[in-house]
Amino acid sequence: MPTSSDMTTHTDHALLDALQHQVAVFARRAEQSRLGGVGQARNSMDRAAYLLLNRLDQEGAMGVKALAAGMGIDSSTVTRQVAPLVDAGLVTRTSHPEDGRAVVLQLSERGRTRLEEVRASRRALMALVTEGWSDEERDSFCTLLTRFNTSLSTITATLPAPSAAS
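Cut-offs applied
Residues numbered from 1 in each chain as written. Predicted model: local features only at pLDDT ≥ 70, side-chain atom pairs only at ≥ 80, totals over all residues. Heavy atoms only, no water. Helix = DSSP H or I, 4+ residues; strand = E, 2+ residues; numbered from the N terminus. Buried < 20%, exposed > 50% of the residue type's maximum accessible area, 1.4 Å probe, protein only. Contact = heavy atoms within 4.5 Å. Areas by Shrake-Rupley, 256 points an atom, 1.4 Å probe, with all protein chains shown as cover. Patch = residues over 30% accessible without salt bridge, like charges linked within 9 Å, V, L, I, M, F, W, Y side chains within 5 Å. Salt bridge = Lys/Arg side-chain N within 4 Å of Asp/Glu carboxyl O. Lys, Arg positive; Asp, Glu negative; His and termini not counted. Charge placed at Lys NZ, Arg CZ, Asp CG, Glu CD. Expected span 1.5 Å × (residues − 1). Arc of directions from axis to C-beta.

A.B. asks: Would you explain the overall build of the chain in this entry?
C.D. replies: What the chain contains, in helices and strands, is 6 helices and 3 strands. Written out in order from the N terminus, the α and β elements of the chain read α-α-β-α-α-β-β-α-α. Looking at the chain as a whole, 20% of its 166 residues qualify as buried. Put simply, 48% of the contacts in the chain that link residues at least 6 apart link residues at least 24 apart. Surface exposure of the chain reaches about 12000 Å², of which carbon and sulfur atoms provide 57%.

Set out below in structure tokens:
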């Protein structure tokens, strides 16, 4: 079976090199700015907290295992990341109604309010970054970036874990 490198041409190599470079630049800039928005809420919530709160807001209350599976991370990571959110009153932790040993996580009203503040700040940043773009360009970029992230997630899930350096 041919590998992806067997299926590329010299022209493809140049384009793929340019693409990987732009993705690396994007990752660095995103990390530097944390894409944290503008105004008072700028950089006031880390990426892990934002993603957890956003998922609970979009999908509703759920257990740690379901949240971890949906985010592609392990349960211990979710437990560690959600602890400060519970302490801050942004997430509530209750016992599962059918299995008292299981935990159900839910976005609190305080969490919902805080998440909306951060979303508004991040929307403002996206508006600034794409100020000269048409609605069609924004839509196209969002569609392609979503497709890229989905493909990356699918592929990385199938790759073997990196081995420790010998």
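A.B. asks: What is the right way to look at a negative patch on the surface in this model?
C.D. replies: A cluster of acidic residues, Asp135, Glu136, Glu137 and Asp139, forms a negative patch on the protein surface. Of note, Glu136 is situated in helix H6 (residues 135–158).

A.B. asks: Help me understand helix H5 (residues 109–129), please; the structure alone is not making it clear to me.
C.D. replies: Compared with an ideal rise of 1.5 Å per residue, which puts 21 residues at 30 Å, H5 spans 30 Å between its outermost C-alpha atoms and is within 8% of the ideal. Looking only at H5, the buried set comprises Gly111, Leu115, Val118, Arg119, Ser121, Arg122 and Leu125. Taken around the axis of H5, the buried residues stretch over an arc of 165°, which confines them to a single face. Along H5, exposed side chains directed more than 90 degrees from the buried face belong to Glu109 and Leu128. Of the surrounding elements, those touching the buried residues of H5 are helix H2 (47–59) and strand S3 (103–107).

A.B. asks: What exactly am I supposed to notice about a nonpolar patch on the surface here?
C.D. replies: Judged by side-chain polarity, Leu16, Leu19, Val23, Phe148 and Leu152 come together as a nonpolar surface patch covering roughly 390 Å² of accessible area. Sorting the residues of the nonpolar patch by element identifies helix H1 (10–33) and H6 as the ones contributing at least two each. Among the elements that take part in the nonpolar patch, H1 stands out by supplying 3 residues, more than any other. Among the structural elements, Leu16 can be located in helix H1.

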